[in-house]
Each structure stands twice: as C-alpha cells, then as structure tokens.
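Examination of the molecular architecture
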Amino acid sequence: MPPEAVRLLEAMSLWLLVGLALPKRRLPGLRGRLTGLAGGERRWLCAAPLSWGRTAVQRRRLVAESLRVVELGVPLWVVARVLEERSARRRLEAKALWMDGRSALFYSRTTERISEQELSDRLALLGYPPPEAKAMPLLTARRPTLPLDWWAETHSEVPANGEASDEATAESDLLVATGNAVDLASHLPDPNLLSIRTFGRLQLLLGDQDFSEQLLRKPVPAFIWLFLLVRALARPGDRLTRSELAEELTPGLAPERQRKRLRDRLSDMLHGEIPTELATRIILQSDECVSLDLGHATSDFDRLVRISRERNVMDGLLAPDQTADVVDVLASTEAEFLPEWDRLEEQVTGARGSAGEMVRQLRVAAESERIGLLEALAANHLARREADRAASILERALERRPHHEGLARKLVAAYMQAGQTGRAADLQRLHGLES
Amino acid sequence: MLSASRRSPAIRIGTIAISLLGLAVLLSAALVGGGIGARVLALAWLPALVIAVLLATMAVAVGWAFPWPAADPYAPAEEPLLPQPILPACHRKSPMIVLHALEPGSGSSTLAFNLAVGATVQGSEQRRPLALLRAGELTDRLGLDPAPLSSFLAAHPVSVDDALVELAERHVCGCELLVIGDGDLNGQRLRLLLPVLRRFYDLIALDCPTDDRWLTDVAVEVADLTLLVAQPSTRSASQAAAWGARVWDRGIEGKIALGLNRVAGRTPFHDSLLREFRHQIWIPEDRVIAESDREGLPWVLRWESSARRVTETALEQLLPKTRTEAGDAA
C-alpha cells in the first residue's frame with residue numbers, strides 16, 4: 001500500500017476513533033444527570049435531539065441522532081439512549097398514576113370538568129378529606145358599650161381598694177385602646193413646649209397647633225428637619241457636621257456643590273420656607289456643626305425609652321403610677337415609628353444615604369423597649385396572681401416577635417399558672433420548647 | 001448569551017465544525033508532515049479502524065432498536081442539571097412565607113399563588129392557605145379585585161376585625177386569595193392584619209410589594225421565611241448581592257432563601273454569591289407556567305410542569321407534615 005494511503009488511513013482511523021468514542025461537550029454533573037435519567041426525573045441526558053418534536057421524517061431523525069452520537073461519543077450515547085428510554089417508560093407510568101390521583105382531580109375541578117360535589121366524592125374514594133370551606137368570621141353577640149360620661153366618672157373616682165383598681169383600669173386601657181394614641185398634648189401645661197409624636201403619624205405640636213403638615217409639604221426641608229431629629233434621637237449628644245449633612249442630603253455630588261445646596265436649603269428654611277417655630281430649632285454652630293434644639297421639647301420616643309429604663313431600675317413589682325405610665329406609653333407607641341420617612345427619603349435622596357438605616361435601628365430599638373415593657377407588665381400581673389391578664393399581654397408581645405423563645409417560655413409559664421395546660425402544651429410544641 | 005432553545009443547535013454545529021477541522025489538521029499532518037509516526041500513535045491504523053467500525057455498528061444497532069422518542073411540547077430543548085431545593089422547615093402554626101421579587105417579572109405572584117394551591121392539595125390533612133397577591137395580570141386573570149381590601153384598610157386604620165376574612169375569595173381548590181392594590185399595604189397594616197389572618201389560615205403566602213422598604217423590613221421580621229425571587233439576569237444578581245450583605249449583617253440567614261426562577265442553563269449568579277444563601281430553590285424554565293398564568297390556572301397541578309416537581313419538593317421541606325401522592329403510593 002502506498003505510504004500516503006497508509007497515512008490517510010492512520011489519520012482517518014484516529015479521527016473516527018476520537019470522533020466516535022469521546023464526548024465533545026462539557027458534561028457538568030454527569031453522574032447526577034445519569035442518576036436523574038435512571039430515576040425518571042430527567043427527560044434527556046443534556047438536551048433533546050435537534051429536530052425532535054417536529055414532523056417525523058426518517059432522514060431528519062437520522063441526522064439528529066447522528067449529531068448526538070458525535071456530540072456525546074458512542075459509549076455515552078448508548079448509555080444515555082438506554083436510560084432515556086427507561087426514563088420515558090417510568091414517566092408514562094408515573095403520569096398514569098398521577099392522572100388518577102388527587103392533583104389531577106383538583107386540576108379537573110379548576111378547569112370545571114367536574115363539579116364540587118364530584119370532587120368531594122372522588123377525594124373521599126381516595127381517602128382524602130374534601131377541600132376546606134370558605135373562612136368565615138365567628139359570630140359575636142352585640143353588647144352595649146359603656147357611655148363615655150360613665151367611663152369618665154369611673155376613672156375620676158378614687159378607688160376604695162387603691163392599687164388594684166388603678167391597675168384594673170390601666171389594664172382595660174391597654175386591652176381596649178389598641179393603636180389609639182393618648183393625647184399627650186392635653187396633659188402639657190406649657191404652650192411653648194414642642195411635643196414631637198413619631199409613632200403612627202408624625203405630629204409636631206405646639207399648644208394645640210400641629211406643624212407637621214406644613215413641614216411635610218416641602219419634602220427637602222422636611223427631610224433635613226426629620227434627619228436632624230432622627231440623629232438627635234439615635235445618637236444624643238453626637239455632633240453632626242455640615243459636610244455630613246450635605247452628604248446625606250445630596251449623596252454622590254461633588255463636595256462644593258453639596259455645601260452650596262445645603263447652604264441654600266438651610267437659608268430658605270430659616271427664612272420662612274418652614275414654620276418659624278420649627279426653623280428656630282435648627283442650630284447652626286460656629287464650628288461647622290448642625291443640630292436640632294430639643295430643649296423645651298418632648299418626644300414620645302424619648303418617653304418610651306425613659307419609662308422602659310426606669311422600669312429596669314425598680315425591678316420586680318411595678319408601682320401603681322409606673323403601671324399607668326407603662327400602659328399609657330404602650331398605647332401611644334403601638335404604631336410604627338416615623339412611617340412617613342421611607343417615602344420621603346426615597347423622594348429626596350433615592351434612599352442612597354445612611355439615614356434609612358438609622359431610622360430602622362430606631363424602629364428596632366422602639367420595638368425592643370415595647371417588648372420589654374410588655375414583659376414587665378406581664379410579670380407584674382403574674383406576681384399579683386393575675387395569670388390570665390399576664391397571658392393575654394404576652395400573647396400580644398409574641399405576635400410581634402413570633403420567634404422570641406424567651407417570650408414563648410414566659411407565656412407557657414403564664415398559661416400553666418392560669419391552669420390552661422392544654423394551651424401551654426400547644427405552645428411548647430409549636431416553639432419546640434422542652435417540657 | 002444564547003437562549004437555551006438556540007444553544008443546542010449551536011453546540012452541535014460547533015461540535016461538527018471542530019471535528020471537521022480536526023480531520024483537516026490530521027490529514028494535513030499526514031500528507032504534508034510525513035505521517036503521524038508510530039512513536040506518537042500508540043495504535044496502528046487497523047485496530048483503530050476496527051474499533052471505530054464497531055462503535056459505529058453499535059450506534060446503528062441501538063438507534064435501530066430504540067424508537068424515536070415520543071413528542072412532548074412542554075419538554076425543554078436544553079435540560080440543565082439543577083440542585084435540589086434546600087429550604088428550612090416552618091414548624092410554627094400558620095407560618096407566613098413572604099415572596100419578594102428582586103426585579104419586575106420574576107414570577108413572585110405566580111409562585112405565591114401556586115404555593116398556596118400546592119399546600120392545599122399536597123397535604124393529607126385539610127388545609128386552608130391564603131395567598132396575598134399584588135394586583136397585576138395574574139389577579140386580573142383570576143378575576144380578583146383589589147378594591148374591597150383597599151376600602152377595608154381605609155375604614156380600619158388602627159384595628160382590624162375578623163370581617164377581613166370575608167374579603168378573601170375562595171379558589172376551587174380550597175385555598176383563598178386576597179389582592180393588594182398599589183400602596184394599600186404598609187408595615188403597620190401588615191402587623192395589624194397578621195394576627196387575624198393567622199387565626200383563620202394554615203399558611204400565608206405574601207407576594208410583598210417591593211417599593212416600600214418599611215413594609216419589606218416588617219415583612220422580613222414577622223415572616224417565617226422570606227423567599228427572594230430572582231431571574232437569571234445581572235439585575236437580579238446585583239439585587240441578590242445587596243440582600244446577601246444585608247442578611248449577613250442582620251444575622252437572619254436562617255429565614256431567607258434565594259429562589260432562582262426560569263433557569264435554562266448558566267446564570268450570572270456566581271458561586272461566591274450563591275454561597276451567601278444557605279437556603280435556595282432553583283426553578284427551571286417552564287412553558288407550562290406562562291400558559292397556565294395566561295389562563296389563570298395553577299401550574300402546580302399540571303403533570304407536564306417541571307416547576308411543579310420542584311415546588312412539591314419545596315413544600316415537603318417547608319411543611320414537614322406534607323405527604324405526597326408518590327409517598328402514599330410507595
């Protein structure tokens with residue numbers, strides 16, 4: 001044989017061997033694919049043949065499978081083909097089982113091929129319960145409410161047995177007045193004292209006048225004023241420089257342009273863009289610091305923190321006036337802290353600054369203080385052998401912190417003390433507590 | 001990047017082209033370079049040719065023996081190998097799963113709807129899940145209206161009573177559906193609704209609006225699991241990266257899961273990003289989903305749906321008391 005022919009045969013043989021024996025594509029997770037095929041979970045090893053699914057033409061099939069042979073190599077293609085065939089059979093069997101099963105029945109119902117009654121009957125034959133009926137609220141009997149003047153009379157009387165009566169009325173306030181803020185301003189004798197309410201809806205009260213709406217009409221000044229407030233609440237005594245404020249107001253701009261914008265904005269605010277009563281509280285210090293003057297002002301957030309800390313000083317039983325304060329502050333801080341902030345921040349800065357995180361921390365802190373106060377109130381009731389009341393308070397706390405194991409344990413203890421062992425056992429199971 | 005449907009022919013054409021090029025190189029080497037020497041080749045040409053012929057014969061025989069696969073209009077052209085879902089079990093009574101779309105069109109609404117239907121149908125015991133869906137195309141197809149809930153919330157700014165449950169529409173499967181209009185739900189309202197909903201429903205799937213950070217924070221706090229629904233796109237990947245950092249900072253990785261929807265092949269989610277999420281679920285590209293959504297039907301009840309199998313596995317992990325029909329049959 002001429003040497004050229006031998007060389008040609010060598011080359012062809014090598015090419016054929018490589019072409020037919022070895023795979024030509026990456027096969028990540030080959031073992032997983034083969035296992036999936038064997039179990040009927042996959043349809044193909046990698047992908048369907050090229051012209052699969054189209055009109056059946058022998059020549060096209062031959063080309064499609066030949067391409068797969070070359071792509072995978074004959075040994076792997078043979079294994080894949082055998083497993084794909086097995087997978088197809090298994091899937092047919094599984095499909096047949098499925099079509100007689102529960103899901104297919106429900107699908108028939110959704111496509112209105114069977115009626116509700118037929119669905120229930122056929123589910124019963126399979127040993128399954130029928131679908132649940134529509135959820136309906138429980139019927140409650142109407143009861144006449146206590147007239148307001150009788151309620152006021154009751155609260156203004158000095159109770160014969162002192163402490164217990166005060167706590168009872170304080171307790172009913174907590175259980176009934178969910179989310180209703182107590183009117184702090186009505187208790188403030190000083191008309192020049194700025195009352196800042198941040199929970200539920202922003203209110204900036206001086207006497208009986210609320211300046212919050214006027215402030216919120218101007219998004220940028222409102223952002224600046226509220227950022228200063230948030231900063232004062234989150235980091236009392238901390239110094240905020242003008243460049244930090246400028247960065248917060250216009251993040252990403254060049255420093256000179258930031259300073260100019262801030263200067264212009266502050267100037268506008270101090271010259272009538274916002275109510276004077278609010279503008280005069282912005283302090284521009286000579287050392288480039290800016291702050292909000294919260295002297296001669298009260299805030300519900302500070303009150304919450306103060307009452308929570310005072311509660312910690314005298315642990316154990318709460319004094320009657322403390323109990324009233326705790327109930328009062330819980331009612332007035334039920335809602336979310338500064339709900340207007342997120343939209344305002346999004347509008348003014350696109351939420352690119354760090355202020356949002358500070359507000360979030362304040363919300364978390366407020367929630368922690370409230371949970372602490374609820375726990376203290378519940379402990380107070382438990383100490384006075386009022387386990388039912390303690391349990392209802394702890395239930396509310398647990399709703400707000402559903403994953404708090406400590407609360408769950410206390411609630412279990414309260415239910416045990418109240419004799420509701422079934423409910424206590426349910427809770428232990430739900431929260432995975434040791435018995 | 002080529003789509004999955006175009007990738008298969010491209011791979012095959014590429015394979016053939018490389019093979020032909022290899023042949024051309026070998027032939028050139030054989031003819032011009034004076035042959036492929038015996039020192040390089042371990043085989044002589046004859047045994048190699050015989051083996052090649054045997055392989056070709058085997059291929060023809062197998063191809064002849066096995067029939068052409070039956071057509072299935074819903075099977076994908078390319079079938080990627082996806083990891084099994086890893087999700088935490090929700091042991092709490094009436095758990096809430098929050099679905100948060102990382103970009104529009106991720107499929108959070110259809111997932112929330114089908115999770116609720118799946119949870120109704122899969123369990124051996126009676127269940128009544130609730131799906132809270134954002135108003136959109138799917139809710140229009142389902143014939144749902146956000147107005148009743150919107151009016152209810154406006155009329156109940158500080159407290160919510162049980163009359164809320166009358167607003168939910170019962171689906172024929174037994175689960176119930178409520179629609180949230182734009183701007184209707186915020187953090188405070190969610191806290192008010194949740195205790196009432198937990199009294200009546202065994203599972204709450206919330207398709208959370210994404211334009212309110214306060215609401216998102218509250219939802220993550222009160223949920224038993226937050227599922228971040230992403231698409232295999234760079235936008236979703238960057239949003240997921242931001243979430244990964246936030247999750248790590250707050251120490252809540254135990255109740256956050258990444259849900260990668262419409263996976264057809266490779267994704268821009270690198271291993272380093274995926275490692276930030278302990279819990280994950282990968283849902284394949286599935287034509288059945290689009291078709292079912294257009295008709296307002298649940299794809300989780302359709303045999304042909306590849307996403308159905310993944311969702312069933314996910315529900316088994318989330319609600320451990322679930323029994324599947326396959327398990328019952330076994």
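Residues numbered from 1 in each chain as written. Chains lettered and ligands numbered in written order. Predicted model: local features only at pLDDT ≥ 70, side-chain atom pairs only at ≥ 80, totals over all residues. Heavy atoms only, no water.

**Thoughts on the packing of helix 17 (residues 355-383) of chain A against helix 18 (residues 387-400) of chain A**
Residues and elements named next belong to chain A. The contact between helix 17 and helix 18 brings their axes to 8 Å, and the two run at 165 degrees. Regarding the angle of helix 17 to helix 18, the classification is roughly antiparallel. Like other packed secondary-structure pairs, helix 17 and helix 18 cross with a definite hand, here left-handed. Mapping the contact onto sequence places Glu 367, Arg 370, Ile 371, Leu 374, Leu 377, Ala 378, His 381 and Leu 382 in helix 17 and Ala 387, Arg 389, Ala 390, Ile 393, Leu 394, Ala 397 and Arg 400 in helix 18. Split by residue class, the contact of helix 17 with helix 18 holds 10 nonpolar, 1 polar and 4 charged. (Axes fitted to C-alpha atoms, helices over the stretch in contact; angles between N-to-C directions. Helix = DSSP H or I, 4+ residues; strand = E, 2+ residues; numbered from the N terminus. Parallel < 35°, antiparallel > 145°, perpendicular 65-115°, else oblique. Left-handed = near helix turned anticlockwise from the far one by under 90°. Contact = heavy atoms within 4.5 Å. Nonpolar A, V, L, I, M, F, W, Y, C, P; charged D, E, K, R; others polar.)

**Structural notes on the interface of chain B and chain A**
Accessible area lost during the coming together of the parts is what is often quoted as the interface size. Each side of the interface is counted separately: chain B has 97 residues, and chain A has 96 residues. Here chain B and chain A share an interface that buries about 8600 Å² over both sides, 63% of which is from carbon and sulfur atoms. Scanning the region where chain B abuts chain A turns up 5 salt bridges. With a shortest N-O distance of 2.7 Å, Arg 213 of chain B and Glu 345 of chain A are connected by a salt bridge. Those elements that place two or more of their residues in the side of chain B that touches chain A are helix 1 (4-32), helix 2 (45-65), helix 3 (108-122), helix 6 (187-200), helix 7 (213-222), helix 11 (306-318) and helix 12 (325-329) of chain B. A per-element tally of the side of chain B that touches chain A places helix 1 of chain B first, with 14 residues. The residue inventory of the side of chain B that touches chain A, partitioned by class, reads 52 nonpolar, 17 polar and 28 charged. (Buried area = accessible area lost by both parts, 1.4 Å probe. Salt bridge = Lys/Arg side-chain N within 4 Å of Asp/Glu carboxyl O.)

**Some thoughts on the nonpolar core**
In terms of nonpolar packing, the biggest core is built from 73 residues, with Leu 204, Ile 224, Trp 225 and Ile 282 of chain A touching the most fellow members. What Trp 225 of chain A contacts, discounting residues up to four positions off in sequence, is Leu 194, Leu 204, Leu 215, Met 269, Ile 274, Leu 278, Ile 282 and Leu 292 of chain A. Grouped together as the second largest cluster of nonpolar side chains are 49 residues, Leu 105 of chain A together with Ile 97, Trp 299 and Ala 307 of chain B included. (Core = buried A, V, L, I, M, F, W, Y, C linked by side-chain atoms within 4.5 Å. Buried < 20%, exposed > 50% of the residue type's maximum accessible area, 1.4 Å probe, protein only.)

**What to know about the confidence of the model for chain B**
Of the residues in chain B, 83% reach a pLDDT of 70 or more, and the chain-wide mean stands at 84. Between residues 323-330 of chain B, whose pLDDT stays under 50, and residues either more than four places distant or in other chains, the model counts 11 contacts. (pLDDT = per-residue confidence, 0-100.)

**Concerning the sheet that holds strand 7 (residues 297-299) of chain A**
Two orientations exist for strands paired in a sheet by backbone hydrogen bonds: parallel and antiparallel. Residue and element names in this part refer to chain A. On the basis of which strands lie adjacent, the open sheet formed by 4 strands has the order 3-2-1-7 and mixed pairing. In this open sheet, the two edge strands, each paired with only one partner strand, are strand 3 (209-210) and strand 7. Sheet topology note: the strand 1 (residues 194-197)/strand 7 ladder contains 3 bridges and is parallel. When the bridges of strand 7 are listed, Ser 195 appears paired with Thr 298. (Pairing = 2+ DSSP bridges.)

**A short note on the confidence of the model for chain A**
Close inspection of predicted coordinates is inappropriate in any region flagged by low pLDDT. In this model, chain A carries an average pLDDT of 80, and 83% of its residues clear a pLDDT of 70 or more. Taken together, the stretch residues 157-188 of chain A has pLDDT below 50 and engages in 52 contacts with residues farther than four places along the chain or on a different chain.

**Section: the sheet that holds strand 5 (residues 282-284) of chain A**
Residues and elements named next belong to chain A. Strand order in the open sheet formed by 3 strands is 4-6-5, and the pairing between neighbours is antiparallel. Edge strands, defined here as strands with exactly one partner in the open sheet, are strand 4 (240-241) and strand 5. For strand 5 and strand 6 (residues 289-292), the ladder comprises 3 bridges, and the chain directions are antiparallel. Looking across to strand 6, one finds that Ile 283 is bridged to Ser 291.

**Points about the environment of Glu 132 of chain A**
Residue placement: Glu 132 of chain A occurs in the loop between helix 6 (116-126) and helix 7 (148-156). If sequence neighbours within four positions are ignored, Glu 132 of chain A has contacts with Gln 126, Arg 127, Arg 128, Arg 170 and Gly 174 of chain B. Side chain to side chain, Glu 132 of chain A and Arg 128 of chain B meet in a polar contact 3.4 Å long. (Polar contact = N/O pair within 3.5 Å; in protein donor to acceptor, adjacent residues only side chain to side chain.)

**Focus: helix 6 of chain A**
Think of an α-helix as turning once every 3.6 residues; residues three or four places apart then point the same way. All names here are of chain A. Within helix 6 the residues assigned to the buried category are Leu 119, Ser 120 and Leu 123. For helix 6, the angular spread of the buried residues around the axis is 95 degrees, confining them to a single face. Pointing more than 90 degrees away from the buried face of helix 6 are the exposed residues Gln 117, Ala 124 and Leu 125. Where helix 6 is buried, its residues meet helix 5 (102-110). (Arc of directions from axis to C-beta.)

**Here's the deal with the packing of aromatic side chains**
Per the counting criterion, the structure on display carries 5 aromatic pairs over all chains. Here the aromatic rings of Trp 98 of chain A and Trp 303 of chain B are separated by 6.0 Å at their centres, their planes lie at 50 degrees, and the arrangement is tilted. Note that Trp 98 of chain A is positioned in helix 4 (residues 74-99) and Trp 303 of chain B in the loop between helix 10 (287-295) and helix 11, a pairing that runs across two chains. Take Trp 98 of chain A and Trp 303 of chain B: they sit in the same class, and that class is buried. Ring pairs connect the aromatic residues Phe 199, Phe 301 and Phe 337 of chain A, which therefore count as one cluster. We note Arg 43 of chain A situated over the ring of Trp 44 of chain A; from NZ or CZ to the ring centre the distance is 4.5 Å. (Phe/Tyr/Trp six-rings, centres within 6.5 Å; stacked < 30°, edge-to-face > 60°. Lys NZ or Arg CZ within 6 Å of the ring centre and 35° of its normal.)

**Digging into the environment of Asp 293 of chain B**
Residue and element names in this part refer to chain B. Within the secondary structure layout, Asp 293 lies in helix 10. For Asp 293, a relative accessible area of 19% puts it in the buried group. Here the alpha-carbon distance between Asp 293 and Ser 109, two residues 184 residues apart in the chain, equals 9.9 Å. Once you skip the residues sitting within four places of it in the chain, Asp 293 turns out to touch Thr 110, Leu 138, Arg 141 and Trp 299.

**A look at unusual backbone geometry**
Where the residue is not glycine, phi is negative for most of them; where a peptide bond is considered, it is trans in most cases. Residue and element names in this part refer to chain A. Notably, Glu 112 is not glycine yet its phi reads approximately 60 degrees, a positive angle. In this structure, Glu 112 sits in the loop between helix 5 and helix 6. With phi around 45 degrees, Leu 338 is a residue other than glycine that occupies positive phi space. Checked against the element boundaries, Leu 338 lands in the loop between helix 15 (320-332) and helix 16 (341-349).

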